[in-house]
Amino acid sequence: MDYLHIVLRIVHIGAGVFWVGGVLMTVVFIAPTVGALGDAGPKFMAHLVKNLKFTTRMSIAAGLTALAGAWLYWIDSGGFQSAWMMSSVGTGFGIGSFFGAVGFVFGILIGRTTNALMKLGEQMQGKPSPEQLTRFQTLQKKQAFYSRTTAISLIISVVFMAMARFFVL
Ligand code: HEM
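Residues numbered from 1 in each chain as written. Predicted model: local features only at pLDDT ≥ 70, side-chain atom pairs only at ≥ 80, totals over all residues.

S.K.: How should the nonpolar core be read in this particular structure?
M.R.: In globular proteins that are soluble, nonpolar side chains generally tend to be buried together. Of all hydrophobic cores here, the largest spans nine residues; its members are A15, W19, V20, V23, A61, A62, A66, F104 and L154. In terms of residue count, the dominant contributor to this core is helix α1 (residues 3-36) (four residues). Apart from the residues lying within four places of it in its own chain, the contact partners of V23 are T150, A151 and L154. (Core = buried A, V, L, I, M, F, W, Y, C linked by C-beta atoms within 7 Å. Buried ≥ 20, exposed ≤ 12 C-beta atoms within 10 Å, placed from the backbone. Helix = DSSP H or I, 4+ residues; strand = E, 2+ residues; numbered from the N terminus. Contact = placed C-beta atoms within 7 Å.)

Below, the structure is given as structure tokens:
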């Protein structure tokens, strides 16, 4: 039994499900709800981020998925050297990994923008100044772009992860 491979797959797929599920849940349900809540929106976000450590937990899941995935890729390709990388199966996992990595990078940007939004929200006591409002709207636009890009990249990654093993020509 190849215990290492089994453990890596459990970590990779388990953390991946948590990560991708969390991202899609945020884009499809949580973000529109926060937008619709008005003044209660930032409070909801503060509870999610500060008390429930949402961004920290998502970052851990994303890191574990990428780390275990990179390790599996390293094993499968015999240390990034074998013909496996150029095979159709290897190419399929390679494309999936690439989009997973894009999702990971944009996920980091989401975390940064969320922190900036939280800080700004704390500074905005009462009626926000025009500068604060402009900065808030700019950050929200960035956040929406990063979130959509992450979600689309991760969907492509999952599709290739699901198909790659069957790319046998
Ligand atoms: C972040 C970059 C990623 C890398 C580098 C990566 C890499 C890999 C590799 C090399 C394999 C083959 C494992 C084996 O030999 O058994 C694999 C399988 C798999 N990956 Fe990823 N992956 C990434 C992202 C994801 C994401 C985001 C998901 C979503 C849940 C995911 C889900 C899966 C699944 C379900 C399999 C099993 C496929 C099968 O056995 O046919 N991966 N991944």
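S.K.: What should I look at first to understand the site of the ligand in this one?
M.R.: The full set close to the ligand counts 24 residues, and G16, G69, S97, G100 and M161 are the nearest of them. Elements supplying a minimum of two residues to the shell around the ligand: α1, α3 (54-76), α4 (88-123) and α5 (130-163). If you tally residues by element for the shell around the ligand, the top one is α3, at seven residues. For the shell around the ligand, a count of residues per class yields 13 nonpolar, eight polar and three charged. (Near = placed C-beta within 6 Å. Nonpolar A, V, L, I, M, F, W, Y, C, P; charged D, E, K, R; others polar.)

S.K.: What should I look at first to understand the packing of helix α2 (residues 40-51) against α4 in this one?
M.R.: How two helices sit against one another is set out by the angle between their axes and by the gap between those axes. Put simply, α2 and α4 touch, their axes get as near as 11 Å, and they point 125° apart. Regarding the angle of α2 to α4, the classification is oblique. Here the hand of the crossing between α2 and α4 comes out left-handed. Residues P42, M45, A46 and V49 of α2 pack against T114, M118 and G121 of α4. (Axes fitted to C-alpha atoms, helices over the stretch in contact; angles between N-to-C directions. Parallel < 35°, antiparallel > 145°, perpendicular 65-115°, else oblique. Left-handed = near helix turned anticlockwise from the far one by under 90°.)

By themselves, these observations are geometric and do not establish any function.
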